[in-house]
6 protein chains.
Amino acid sequence: MTRVLYPGSFDPVHNGHLELVETAAGLFDEVIVAAGRNPSKAPLFDLDEREAMLKESFAHLSNVRTTRFSTLVVHVAMDEQCDFIIKGLRAVSDFESELHMAHMNKAVSGVETLFVPSASSSSFIASKLIREIAQYGGDVSTMVPAPVAARLAERFPS
Amino acid sequence: MTRVLYPGSFDPVHNGHLELVETAAGLFDEVIVAAGRNPSKAPLFDLDEREAMLKESFAHLSNVRTTRFSTLVVHVAMDEQCDFIIKGLRAVSDFESELHMAHMNKAVSGVETLFVPSASSSSFIASKLIREIAQYGGDVSTMVPAPVAARLAERFPS
Amino acid sequence: MTRVLYPGSFDPVHNGHLELVETAAGLFDEVIVAAGRNPSKAPLFDLDEREAMLKESFAHLSNVRTTRFSTLVVHVAMDEQCDFIIKGLRAVSDFESELHMAHMNKAVSGVETLFVPSASSSSFIASKLIREIAQYGGDVSTMVPAPVAARLAERFPS
Amino acid sequence: MTRVLYPGSFDPVHNGHLELVETAAGLFDEVIVAAGRNPSKAPLFDLDEREAMLKESFAHLSNVRTTRFSTLVVHVAMDEQCDFIIKGLRAVSDFESELHMAHMNKAVSGVETLFVPSASSSSFIASKLIREIAQYGGDVSTMVPAPVAARLAERFPS
Amino acid sequence: MTRVLYPGSFDPVHNGHLELVETAAGLFDEVIVAAGRNPSKAPLFDLDEREAMLKESFAHLSNVRTTRFSTLVVHVAMDEQCDFIIKGLRAVSDFESELHMAHMNKAVSGVETLFVPSASSSSFIASKLIREIAQYGGDVSTMVPAPVAARLAERFPS
Amino acid sequence: MTRVLYPGSFDPVHNGHLELVETAAGLFDEVIVAAGRNPSKAPLFDLDEREAMLKESFAHLSNVRTTRFSTLVVHVAMDEQCDFIIKGLRAVSDFESELHMAHMNKAVSGVETLFVPSASSSSFIASKLIREIAQYGGDVSTMVPAPVAARLAERFPS
């Protein structure tokens, strides 16, 4: 059986992530989605909230498990006995930093990373833009799972 | 008649922006240039100063109006009854984030964004580099309108 | 009033082109779609067929006119008294060669080019891939207007 | 069990391909490497030779099978009951055309494509450059499997 | 003393090449500009004409020598005892194929390649676009040295 | 004789920098490696430590001198009478901001910048990723000079 790790900030998880996980859940036996602490950014949602939103958003997929981490991604992959890491590829600007990260991760641990192309209809969705739009009262409900829309509405009441 | 919105940080406005606005002023009936608050950066010039520099720099163009905003760009476009937004395209690294932003803006509001290529002779000018060079006493007067050069000299006396 | 020129090879026209023209037809008073002879490629459809497919595909848009050309794009823009040229922007690899072309066109004629982002749901559609897939019996009918699907079926009977 | 298809021109197969297949053979149960006819290029080696070089170069990997095809890649994937297609990712310029191809392939067949980053030490190797260098007597033997070096030496005797 | 090789197709040489050679002639003791046979393209000007245009265009630079080659670039660099190769960098799309070529060249010969950024005011000029525009009677005289403009006018009389 | 300046943050210096300096030391008479204060980032190592690591890492190269700076890079180049600046080119995402910086630097001072491609085997190494991995106890000793590995071990004891 093949178990893969899908790590990210997920601040918040959006429909682009959702489609990628649905694809991966169809290809592999088990998908572990893990929300990490991102040392260089002040998150909108704390790690508890981000993990809760992952759990709520992927509840319908029986071979998807959600978790959190506060260490290196490759340590999570090894601890969870994942065969490899998967990352989404949406744009050229994602591609190079992800490729360098993949090479570094392989060099320090031997863990491989494979890339899954984003569904084109959601390729423009980015957590950073969702945070900005929601903050000024824009409606992002078509771009995020329902539990995330609810939390954004709570955080930024109109 | 066609009215377009040209939003940006303009911290400070430079000759690349100037050339783009001159092009747009020749193509469309009215161009509104709007300086926005950028939530993720500590600006060099505050919004009052940035709006003042816009006003001074575009005084010679009768169909250009300058303003400021502290909400979503698409709200400004709708409030000002603009037909669409225009953005400059200078480099590949601009292109993808601008394209995602354009798709998000259309998804939340229906407002379109069109891209105007920067004049090649000014395509390397960037507000970020102007701030860095001016801060250490470098001469950027060939890259900014005269009113901006004056304010930079005042801010960073040699 | 604003009249714009949308030139291309259109070998064949596909849904990505269609969506772009629908957007442009909503923003501008008149859109001229012009199929050109492309000196460096052996086309699948000759210029007569490509122009016919344009005519059939845009028949529902009253402010869109279709034509053909076998000279420089900027000459067409000037002959047709267009205010500027529009091109689609789908990907980074389009972007740079289009930007160079736009600068060259402006340098030789003064004619400006503006860029319209492709709708994300059709951004992966490319005429080259349509030709390849249709040639081997793949079904591309969801990616092209009906008149084009009919001609492809005729050209490559299954 | 997971079976994947790795299609390409392989004109000729080189060490970058080799390293990718070794990685895939470690991650998946079966890897099918398939040399295709490339309609738009005059190959250096014909399909018989390319398939023979694949066979010789991957003989040491028991879960790798080599084949050839002259139809759409997605038809091969379906005929061989592969779970998905894998492609190498070496550079940004690969990335976008591969991403469009992946989206088109999924749209016409439902078959997914995953991307495997090239080992950084071989990321600069390209079949096109190997053909050019070998043709003028340059030594490419450190960049290709031994059976390929032998055939290049035969083709371009010094 | 430092001697560098600047190889290219130069079909035809244009003002972007000229500015790069002027920069290199100011930095290094000797610059050798070499026009090569490009196996994959049907040139507009044959090698005799291209070499003649180089000679005419760089006659004003005393430490620039022009030549031609029909072998590998690295062989020319070694035969002419050049310290390294220089190439222009104009755009992202140049960058990756040039980087791969540089790595391949170093791997087969030990010869290094350094990159010189194009002057921004000429960064959009490309030989391919010059050929296309000249062919249809467009005026490219501001983008090429006078001897090249003369030959283009002769080749494509208006 | 040719003297070149290689400026950077070097927080910390790694094997990619080392290979570039070894290349430059083979091509030019003197290489000055200068660690700068980076106004926009909180460094891991302060300027004293970064300069010390440079000195230790390049002690084996007799024509390499190390220093520090807290002004504009072009001022250092002029003060040290360098013929030009060299920068590494590793990836497309480096390329554009470096190209803009090079154009700005030339515009304000006349100082040129040349680009040296990174050795492909170290092209994925980035100081930012080294800091992240070392911070969580990952082993980066194969990617940095020994003196840097020692300081990282001291800073982040396991």
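Keep in mind it's a predicted model, so treat the numbers as computed, not measured. (Residues numbered from 1 in each chain as written. Chains lettered and ligands numbered in written order. Predicted model: local features only at pLDDT ≥ 70, side-chain atom pairs only at ≥ 80, totals over all residues. Heavy atoms only, no water.)

Considering the overall build of chain A
Counting its regular elements, chain A contains six helices and five strands. Reading chain A from its N terminus to its C terminus gives the helix and strand order β-α-β-α-β-α-β-α-β-α-α. Compactness check: chain A gives a C-alpha radius of gyration of 15 Å against a globular reference of 15 Å for 158 residues, within 12% of the reference. Dimensions of chain A, computed from the C-alpha atoms along their principal axes, are close to 50 × 30 × 30 Å. Looking at chain A as a whole, 57% of its 158 residues qualify as buried. Accessible surface for chain A amounts to roughly 6200 Å². Of this, 48% is attributable to carbon and sulfur atoms. Treating the 14 positive side-chain charges of chain A as one cloud and the 20 negative ones as another, the clouds have centres 4 Å apart. (Helix = DSSP H or I, 4+ residues; strand = E, 2+ residues; numbered from the N terminus. Rg over C-alpha atoms; globule rule 2.2 N^0.38 Å. Buried < 20%, exposed > 50% of the residue type's maximum accessible area, 1.4 Å probe, protein only. Areas by Shrake-Rupley, 256 points an atom, 1.4 Å probe, with all protein chains shown as cover. Lys, Arg positive; Asp, Glu negative; His and termini not counted. Charge placed at Lys NZ, Arg CZ, Asp CG, Glu CD.)

Digging into the relation of the copies chain B and chain C
Laying chain B over chain C is done by rotating through 180 degrees and shifting 0.0 Å along the axis; what remains is an RMSD of 0.0 Å. Given the turn and translation reported, the copies of this chain are related as if by a two-fold rotation axis. Rotation axis and chain B: the residue whose C-alpha lies nearest the axis is Phe115 of chain B, separated from it by 2.4 Å. Take the interface residues of chain B: 100% of them recur as interface residues in chain C, which is what a same-surface contact looks like. (Least-squares fit on C-alpha atoms with pLDDT ≥ 70 in both. Contact = heavy atoms within 4.5 Å.)

Focus: the interface of chain D and chain A
With 25 residues of chain D at the contact, the number on the chain A side is 25 residues. The junction of chain D with chain A conceals about 2000 Å² of combined surface from both sides, 75% of it contributed by carbon and sulfur atoms. Joining chain D to chain A, the criterion identifies three residue pairs in polar contact (both at pLDDT 80 or more). Of all elements in the fold, only helix 1 (15-27), strand 4 (84-89), helix 4 (92-109) and strand 5 (113-117) of chain D reach the threshold of two or more residues within the side of chain D that touches chain A. Top contributing element to the side of chain D that touches chain A by residue count: helix 4 of chain D, with seven residues. Split by residue class, the side of chain D that touches chain A holds 14 nonpolar, six polar and five charged. (Buried area = accessible area lost by both parts, 1.4 Å probe. Polar contact = N/O pair within 3.5 Å; in protein donor to acceptor, adjacent residues only side chain to side chain. Nonpolar A, V, L, I, M, F, W, Y, C, P; charged D, E, K, R; others polar.)

Some thoughts on the interface of chain B and chain C
Contacts between the two partners involve 25 residues from chain B and, on the opposite side, 25 residues from chain C. Note on chain B versus chain C: buried area summed over both sides is about 2000 Å², and carbon and sulfur give 75% of it. At the junction of chain B and chain C, the tally comes to zero salt bridges. There are three residue pairs in polar contact (both at pLDDT 80 or more) connecting chain B and chain C. For the side of chain B that touches chain C, the elements supplying multiple residues, two or more each, are helix 1 (15-27), strand 4 (84-89), helix 4 (92-109) and strand 5 (113-117) of chain B. The element that contributes the greatest number of residues to the side of chain B that touches chain C is helix 4 of chain B, accounting for seven residues. (Salt bridge = Lys/Arg side-chain N within 4 Å of Asp/Glu carboxyl O.)

Focus: the packing of helix 2 (residues 47-57) of chain E against helix 6 (residues 146-155) of chain E
At a closest axis distance of 9 Å, the pairing of helix 2 of chain E and helix 6 of chain E adopts a crossing angle of 145 degrees. Residues Glu49, Ala52, Met53, Glu56 and Ser57 of chain E of helix 2 of chain E touch helix 6 of chain E, and the partners they reach there are Pro147, Val148, Arg151 and Arg155 of chain E. (Axes fitted to C-alpha atoms, helices over the stretch in contact; angles between N-to-C directions.)

Thoughts on the packing of aromatic side chains
Evaluation of the coordinates by the stated rule reveals 18 aromatic pairs over all chains. Pairing Tyr6 of chain D with Phe10 of chain D gives two aromatic rings, centres 5.4 Å apart and planes at 70 degrees, and the pair type is edge-to-face. (Phe/Tyr/Trp six-rings, centres within 6.5 Å; stacked < 30°, edge-to-face > 60°.)

Let's talk about the pattern of salt bridges
Think of it this way: side chains of opposite charge can pair up when their charged atoms draw near. According to the stated counting rule, one finds 66 salt bridges over all chains in the structure shown. Taking the shortest distance from any N to any O, the salt bridge between Lys106 of chain E and Glu112 of chain E comes out at 2.8 Å. When its relative accessible area of 12% is taken as the criterion, Glu112 of chain E is described as buried. It is possible to trace a salt-bridge network through shared partners that takes in Arg3, Glu30, Arg65 and Glu80 of chain A.

Here we look at the relation of the copies chain D and chain A
Comparison of the two chain copies shows a relationship of rotation about an axis with a shift along it. Rotating chain D by 180 degrees and moving it 0.0 Å along the rotation axis overlays it on chain A with an RMSD of 0.0 Å. Taken together, the interface assignments show that 100% of the residues at the interface of chain D recur at the interface of chain A, consistent with an identical surface on both copies.

Points about the pairing of strand 4 (residues 84-89) of chain C
Residue and element names in this part refer to chain C. Burial analysis of strand 4 places six of its six residues in the buried class, which makes it a mostly covered element. Judged by which residues are buried, strand 4 turns out to be covered on both faces: Phe84, Ile86 and Gly88 on one side and Ile85, Lys87 and Leu89 on the other are all buried. Where strand 1 (residues 3-8) and strand 4 come together, two bridges link them in parallel fashion. Directly across from Val4, in strand 4, lies its bridge partner Phe84. Sheet analysis places strand 4 next to strand 5 (residues 113-117), joined by five bridges and oriented parallel. Within strand 5, the residue paired with Ile86 across the bridge is Leu114. (Pairing = 2+ DSSP bridges.)

So, unusual backbone geometry
Of note, the amide linkage connecting Asp11 of chain B to Pro12 of chain B takes the cis form, showing an omega dihedral of 0 degrees. In this structure, Pro12 of chain B sits in the loop between strand 1 (3-8) and helix 1. Of note in this structure, Phe10 of chain C is not a glycine but carries a positive phi near 50 degrees. By secondary structure assignment, the location of Phe10 of chain C is in the loop between strand 1 and helix 1 (15-27). Residue Phe10 of chain C is classed as buried on the basis of its relative accessible area, which comes to 3%. Residue Gln81 of chain D is not a glycine yet carries a positive backbone phi of 50 degrees. The exposed category is assigned to Gln81 of chain D, whose relative accessible area is 62%.

Overview of the side chain of Lys87 of chain B
By the element assignment, Lys87 of chain B lies in strand 4. The contact partners of Lys87 of chain B, leaving out residues within four places of it in the chain, are Tyr6, Pro7, Leu20, Glu98, Thr113, Leu114, Phe115 and Val116 of chain B.

Some words on the environment of Ala34 of chain E
All names here are of chain E. Residue placement: Ala34 occurs in strand 2 (residues 30-36). Looking at Ala34, the relative accessible area reads 0%, which means it is buried. Sequence separation between Ala34 and Glu51 is 17 residues; the distance between their C-alpha atoms is 7.8 Å. Once you skip the residues sitting within four places of it in the chain, Ala34 turns out to touch Leu5, Tyr6, Pro7, Gly8, Phe10, Leu54, Thr67 and Phe69.

Things to note about the side chain of Glu98 of chain A
Residue and element names in this part refer to chain A. With respect to the helices and strands, Glu98 occurs in helix 4 (residues 92-109). Residue classification places Glu98 among the buried positions, given a relative accessible area of 18%. Among all residues touching Glu98, those that are not within four sequence positions of it are Lys87 and Phe115.

What about the environment of Pro43 of chain E?
Residue and element names in this part refer to chain E. One can find Pro43 in the loop between strand 2 and helix 2. Look at Pro43 and you get partly exposed, because its relative accessible area is 42%. Sequence-wise, Pro43 and Ile32 are eleven residues apart; in three dimensions their C-alpha atoms are separated by 22 Å. Beyond its immediate chain neighbours, meaning those up to four positions away, Pro43 contacts Asp11 and Arg50.

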